[in-house]
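Read off the chains here:
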Amino acid sequence: EDDFKFILCEGCQQESPNLKLLSCLHTLCLACMSKYKSIGQCPVCQTAILQASSVPDMDNMLFTNLQARLKFYKKIVDGVGLFCDNCKKASEFWCSECKELLCTNCYEAHEHYLKMENHEAKRVMDIRAGSVKDFLEGTRKTRNLSCSNLTHRSHNVSIYCKKCRRPLCCSCALLDSHHAPFCDIRSETQRRQEELGTIGRELRRKRSAFEASYASLQDEAARLERAQREMRELIRRRVEQLVRLIRREEEELLGLVEARQEQGRRELSRELQRVEGVLRRMEAGERLVEKMHLYATEQEVMDMQPFIRDSLEELQRLQPAADGDRAQPGDLAECQARLQAL
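Residues numbered from 1 in each chain as written. Predicted model: local features only at pLDDT ≥ 70, side-chain atom pairs only at ≥ 80, totals over all residues. Heavy atoms only, no water.

As annotated in an unreviewed UniProt entry, the protein chain is PML protein from Heliornis fulica.

Here it is, written out as structure tokens:
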């Protein structure tokens, strides 16, 4: 179960049949989308999300389908409700292409009538004996790409039109002269996977720069805290030597330090939050690319890759702020000058 926690909603950590992939590459269910819509920020990385009443139309089909496949695998392992989908007898086989449980008689009919279709029906006991990853790998290979022409949804798809960027069946490719040039659909899915992999590797290299920036900001925050403590102690020690007539000056100095400290803390907090959000988006991007490579079907690659690629390329354009470019928050020079004068 720990291996597949990534398919849960990242807001409430619950399963949901309606998962939405945000442009920051974090995944929320519809309930969390509604909850955080008014805030306008992703609960994980605080990146802005849509304020409009409509939610993004990018369904996270990878995670949703994985939930369904894992739920079915658990059903097989538990052995509950395993009846033939045709005659309701005890099932002994499962066809990943038909997505049906079959008894022995129905399995024999299935093998006879679909022997030319390359359907692979497995024994339920073999599935139960295997690992979940073996099961997912087997279902991943299922040919579930469909033609973009609604009247040809049952046709096998093996062609990709580079002009309209859609998968096609042979009938569409031959009869419609508007579709050209073509390439093999599996070549296109492989190319898209490789493109995501390349972006993911570049993202990992860039991530080190953001991690260094984040560490630098944390050091700056610690320095600011130390400076605040030291200055407070110095002020108190010297003011104790003065007479009651200048107690008011002491309070003013302490107030000034507090104001500078609060200002510096707010500035650093905002920058830390921004960099932390970018890091989390990068983590989400790396994880999603990895899971796409491991578990995505060709349909999921075709539907989700452009959206994920655009989000990853947006992350690539981000640059961490150099140390010299940032203003020094919490400057106590004015406080030191007034203390010296006192």
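This is not the end of the story, as more comes after the structure.
A. Molecular detail of the overall build of the protein chain. The helix and strand tally for the protein chain stands at ten helices and eight strands. Nonlocal contacts in the protein chain, meaning residues at least 24 apart in sequence, comprise 62% of its contacts between residues at least 6 apart. For the protein chain, the accessible area works out to roughly 19400 Å², and carbon and sulfur atoms hold 49% of it. (Helix = DSSP H or I, 4+ residues; strand = E, 2+ residues; numbered from the N terminus. Contact = heavy atoms within 4.5 Å. Areas by Shrake-Rupley, 256 points an atom, 1.4 Å probe, with all protein chains shown as cover.)

B. Geometry of the sheet that holds strand S3 (residues 93–95). Spatial ordering of the open sheet is given by S4-S3-S5, a layout of three strands whose pairing is antiparallel. Edge positions in the sheet fall to strand S4 (100–102) and strand S5 (121–123), since each of these pairs with one other strand and no more. Neighbouring strand axes in the sheet, compared pairwise and without regard to direction, differ in orientation by 30 degrees on average. Sheet topology note: the S3/S5 ladder contains three bridges and is antiparallel. The residue of S5 that forms the bridge with Cys 95 is Ala 121. (Pairing = 2+ DSSP bridges. Axes fitted to C-alpha atoms, helices over the stretch in contact; angles between N-to-C directions.)

C. Region of the structure containing the pairing of strand S6 (residues 157–161). In terms of burial, S6 is a largely internal element, four of the five residues being buried. Summarising the sheet, S6 and strand S7 (residues 166–169) pair through four bridges and their orientation is antiparallel. Bridge pairing links Tyr 160 to Pro 167 in S7. Where S6 meets strand S8 (residues 182–184), three bridges bridge the pair, whose relative direction is antiparallel. Following the sheet pairing, Tyr 160 is matched in S8 by Cys 183. (Buried < 20%, exposed > 50% of the residue type's maximum accessible area, 1.4 Å probe, protein only.)

D. Structural detail: the nonpolar core. Grouped together as the largest cluster of nonpolar side chains are 56 residues, with contacts concentrated most on Leu 62, Leu 288, Met 292, Ile 308 and Leu 312. Broken down by element, this core gets its largest block of residues, eleven residues, from helix H8 (residues 247–295). Aside from chain neighbours lying at most four places away, what touches Leu 312 is Leu 25, Leu 196, Ile 199, Leu 203, Gly 285 and Val 289. Listed in part, the eleven residues of the second largest apolar core include Met 231, Ile 235, Val 239 and Cys 335. (Core = buried A, V, L, I, M, F, W, Y, C linked by side-chain atoms within 4.5 Å.)

E. Looking closely at the side chain of Thr 47. With respect to the helices and strands, the residue Thr 47 is situated in the loop between helix H1 (30–37) and helix H2 (61–78). Beyond its immediate sequence surroundings of up to four residues, Thr 47 is in contact with Cys 24, Gly 40, Gln 41, Cys 42 and Arg 281.

F. Local environment of the sheet that holds S7. On the basis of which strands lie adjacent, the open sheet formed by three strands has the order S7-S6-S8 and antiparallel pairing. Every interior strand has two partners, whereas the edge strands, S7 and S8, have only one. In this sheet, neighbouring strand axes are inclined to one another by 45 degrees on average, regardless of whether the strands run parallel or antiparallel. Sheet contacts for helix H7 (residues 185–239): S6, S7 and S8; angle to S6, the most-contacted strand, approximately 65 degrees.

G. Focus on the environment of Leu 242. Examined against the element boundaries, Leu 242 turns out to sit in the loop between H7 and H8. Once the C-alpha coordinates of Leu 242 and Leu 342 are considered, the two residues, 100 residues apart in sequence, prove to be 9.1 Å apart.

H. Structural view of the pattern of salt bridges. Under the defined criterion, the tally for this structure stands at 20 salt bridges. For the salt bridge of Glu 220 with Arg 223, the shortest nitrogen-to-oxygen distance reads 3.0 Å. One end of the pair, Glu 220, and the other, Arg 223, are both in helix H7, three residues apart, so they sit about a helical turn from each other. Across the pair Glu 225 and Arg 265 runs a salt bridge whose closest N-O atoms are separated by 3.6 Å. Note that Glu 225 is positioned in helix H7 and Arg 265 in helix H8, a separation of 40 residues in sequence. (Salt bridge = Lys/Arg side-chain N within 4 Å of Asp/Glu carboxyl O.)

I. Spatial organisation of unusual backbone geometry. Located in the positive-phi region is Gln 13, a residue other than glycine, with phi close to 60 degrees. In this fold, Gln 13 is placed in the segment before strand S1 (19–21). On the accessibility criterion, Gln 13 (43% relative accessible area) is partly exposed. Its identity is not glycine, yet Leu 25 carries a phi of approximately 75 degrees, on the positive side. Here Leu 25 lies in the loop between S1 and strand S2 (27–29). Note on Leu 25: relative accessible area 2%, which makes it buried.

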